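In case you want the letters, here they are:
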Amino acid sequence: MKIAFHIPRMNWYRVLSSLIDAALNRGHQVECWHNRGAKLKENTPTIKKLPFFLNGRPEIVEYDKPEDIITLVNSRPIDIIIDLHPPRYPEIRSIKQRNRGKPLWILIDLPPSDCIMDIRNEEQLYGCDKFIVCNEYYLENSIRMITQDKEEVLEYVNENRELLGMSAVEWVKDSFMFQWTDQHVRYLRDNVLISGNSAFDVINHIKPEDVRKKWEIDRSTPIVSLLPCPFGYDPTASWEQMFMKDSPISRIKWMVKHGSFKCFPHLFNYPSNRDVVRSLKQFASKNGALLIAKKKHSLPVTPELARYCDRIVGDDNFYPHTALELFSVSNLVVGFYSFGAIEAAALNIHYLNVVVPNFPWKFYCDMRTPIHNCEPYDGVISSMTATELI
């Protein structure tokens, strides 16, 4: 069987590598379709960054523009396409109809479980032949998300526009283009396969002693891993700006510029991201531990990370992913509403969630994201407010 894995971004190997290796192990002919024309800097797929697979090497097929997918589907004798997105172009469904249903299009929806939400019209929905989800819990929450009342969400976002910022407004407009009916949900349910989280299969191959040796860290040295705050990049969201700006003066300037005078109570005696990182460094040093940050490819190294972290790692490996390697040698993982909580749990490492003041939980964890991954769970996940932490 010939299987193509669509890789428009390099970090999709984080989710798909275990499946690619499994397909190679079963003797299938495997291709990885790289979008080399993506303007994503270090996240642009390249052969140079191709993970090392245990069971062989896939053939790499590169394309330059998103619409080139149509040509690939039409010209290459593929039986199955595996993707984190639905087919974007209606021509693909026409090609499948001419080729007796081939290639099958399989949508992978593993945590953070927002791939089904990415379906924007009926053509894309019916262009998917199967949907692979982690478990029934994720499926039901995805269905809850796609069938929620758009007008209710819009009303909430507009009422809280100053808090949420314009990015939230644009997300709602973009994400609710498709009105799911009972028939659409039935098609989804009828074609779902429950798989577990295949992205964690590679954990069995991680050797913590090798990771420490590679990073030249003594086996007796404790490690606190930090998943840096991913917020602060919407210049119109008051809750983000108040937390990411570390002085009353910078907060006042922002408040006046945007006319966001409801922020006045938060100008003084309000924790900042710098306060949190500094406190984590103090905690690590007090316990003879290293503070190591795992930076997302899309985020810059902020001054507080450069100053207080003993080491900063990025997306250096994808199979196993650098985050899994780091967690395998960690004693504690700290993050901000991160799906790294699930990865830490898979490696039996405690995760501490930092609760940012005024974080709009209802929007991000009830309307926008299908699962509540950072709710306290005894022995696995705990939460602490930024004020308590510092």
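Residues numbered from 1 in each chain as written. Predicted model: local features only at pLDDT ≥ 70, side-chain atom pairs only at ≥ 80, totals over all residues. Heavy atoms only, no water.

## Topic: the pattern of salt bridges
So, step 1. Applying the stated rule across the entire model yields 18 salt bridges.
So, step 2. One salt bridge connects K281 with D310, and the closest N-O pair in it is separated by 2.8 Å. Residue K281 is found in helix α13 (residues 273-286), and its partner D310 is found in the loop between α14 (303-308) and β10 (311-313); the two are separated by 29 residues along the sequence.
So, step 3. A cluster of three or more residues bridged by salt bridges with shared partners is formed by K2, E31, E59 and R76. (Salt bridge = Lys/Arg side-chain N within 4 Å of Asp/Glu carboxyl O. Helix = DSSP H or I, 4+ residues; strand = E, 2+ residues; numbered from the N terminus.)

## Details of the layout of surface pockets
So, step 1. Taken as a whole, the second largest pocket spans an internal volume of roughly 420 Å³.
So, step 2. Lining the second largest pocket we find 19 residues, and of these I3, L19, A22, I82 and I132 sit closest to its centre.
So, step 3. Taken together, the elements giving at least two residues each to the lining of the second largest pocket come down to β1 (2-7), α1 (13-25), β4 (80-83), β5 (104-109), β6 (130-133) and β7 (192-194).
So, step 4. Tallying contributions element by element places α1 first for the lining of the second largest pocket, with four residues. (1 Å grid on protein atoms, 1.4 Å probe; cavity = no way out; pocket = protein on both sides within 12 Å on 5 of 7 lines; lining within 4 Å. Points joined across faces, edges and corners; volume = space filled by probe spheres on them.)

## A closer look at the packing of helix α6 (residues 150-159) against helix α17 (residues 361-368)
The geometry of a pair of packed helices is captured by two quantities: the angle between their axes and the separation between those axes.
So, step 1. Between α6 and α17, the least distance of the axes is 11 Å, while the angle of their chain directions is 160°. Judged on the interaxial angle alone, α17 and α6 are roughly antiparallel. As for the relative orientation of α6 and α17, their crossing is left-handed in sense. Where α6 abuts α17, its residues V153, Y156 and V157 lie against K362, F363 and M367. (Axes fitted to C-alpha atoms, helices over the stretch in contact; angles between N-to-C directions. Parallel < 35°, antiparallel > 145°, perpendicular 65-115°, else oblique. Left-handed = near helix turned anticlockwise from the far one by under 90°. Contact = heavy atoms within 4.5 Å.)

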